Amino acid sequence: MIVSLDSPDRADVTALLSEHLRDMRAGSPACSVHALDVTALLAPSITFVTAREPGPDGATLLGCGALSELDAHHGELKSMRTATGARGRGVATAVLGHLLGVARERGYERVSLETGSQDSFAPARRLYARHGFVECGPFGSYVEDPYSVFMTLPLPGPHVRA
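Residues numbered from 1 in each chain as written. Predicted model: local features only at pLDDT ≥ 70, side-chain atom pairs only at ≥ 80, totals over all residues. Heavy atoms only, no water.

Undergrad: Give me helix α3 (residues 91-106): which residues, what numbers.
TA: Spanning 16 residues, α3 covers 23 Å between terminal C-alpha atoms, matching the ideal 22 Å at 1.5 Å per step. V91, V95, L96, L99, L100, V102 and A103 are the residues of α3 that are buried. Projected down its long axis, α3 shows its buried positions confined to an angular sector of 155 degrees, all on one face. Note on α3: the residue one or two positions beyond its end, G107, has a positive phi of about 80 degrees. (Helix = DSSP H or I, 4+ residues; strand = E, 2+ residues; numbered from the N terminus. Expected span 1.5 Å × (residues − 1). Buried < 20%, exposed > 50% of the residue type's maximum accessible area, 1.4 Å probe, protein only. Arc of directions from axis to C-beta.)

Undergrad: Can you explain the pattern of salt bridges? Please cite residues and give values.
TA: Under the counting rule described, the total for this entry stands at five salt bridges. Salt-bridge contacts for R89 lead to E53; the nearest nitrogen and oxygen are separated by 2.6 Å. Taken together, the positions of R89 in the loop between β4 (74-82) and α3 and E53 in strand β2 (residues 46-55) put the pair 36 residues apart, joining distant regions of the chain. Overall, the relative accessible area of 41% leaves R89 in the partly exposed class. Accessibility expressed as a relative area gives 33% for E53, which makes it partly exposed. Salt bridges sharing common partners tie together D6, R10, D12 and R52. (Salt bridge = Lys/Arg side-chain N within 4 Å of Asp/Glu carboxyl O.)

Undergrad: So what's going on with the nonpolar core? Which residues, and what values?
TA: Among the nonpolar cores identified, the biggest contains 37 residues, and L67, L77, V95, L96, V111, Y128 and F133 are the most heavily contacted of them. The leading source of residues in this core is α3, at seven residues. The contact partners of L96, leaving out residues within four places of it in the chain, are L77, M80, L127, Y128, H131 and F133. (Core = buried A, V, L, I, M, F, W, Y, C linked by side-chain atoms within 4.5 Å. Contact = heavy atoms within 4.5 Å.)

Undergrad: I'd like to hear about the pairing of strand β3 (residues 58-71), residue by residue, with values.
TA: When β2 meets β3, the two strands line up antiparallel, connected through ten bridges. Its bridge partner being in β3, E53 is matched across the sheet by T60. When β3 meets β4, the two strands line up antiparallel, connected through seven bridges. Considered in β4, the bridge of D71 is made with H74. In this structure, the hairpin formed by β3 and β4 is closed by a connection of two residues. (Pairing = 2+ DSSP bridges.)

Undergrad: Describe unusual backbone geometry, naming the residues involved and giving the relevant values.
TA: Despite not being glycine, S79 has its phi angle at roughly 55 degrees, a positive value. Following the sequence through the fold, S79 ends up in strand β4. You can call S79 buried: its relative accessible area is 6%.

Undergrad: Pulling in residues and values, what's your account of the environment of L127?
TA: Checked against the element boundaries, L127 lands in helix α4 (residues 122-130). Its relative accessible area of 7% is what places L127 among the buried residues. Along the chain, L127 and T93 lie 34 residues apart, while their C-alpha atoms are 7.5 Å from each other. Among residues more than four places away in sequence, those in contact with L127 are A92, T93 and L96.

Below is the structure:
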């Protein structure tokens, strides 16, 4: 599996992100869906990566994720999604590890995220907790929402911004 910078507007990625948005909208009211669409993921403040498995017919998309810069010291995880057929293979862990590495290189003091409170999001919350994320209050422009769980991970220093 290779995790690397990629573009969210590639056809296979767009399909995965469309599935992600459909699932988010199916389980939450519109005002509680904070997933980004392809256009938003193309913003310069967002680093977008995919996990792919090389093969004879090209690289198969396994999953994706993004890191959004909230400010010079704080990043937010966005659009973490594993393809249905690739679940249970460590894709999310690999994408998360890559994005946390980017956050450390940038000198962020912490990385936060918003995920769902429903049972269907329990695997995601467990993944983040295994990697040291703890629940916190809303951050950035978020507000309290019964459909949201907010989590944050303080990153060890030194925090030198290049």
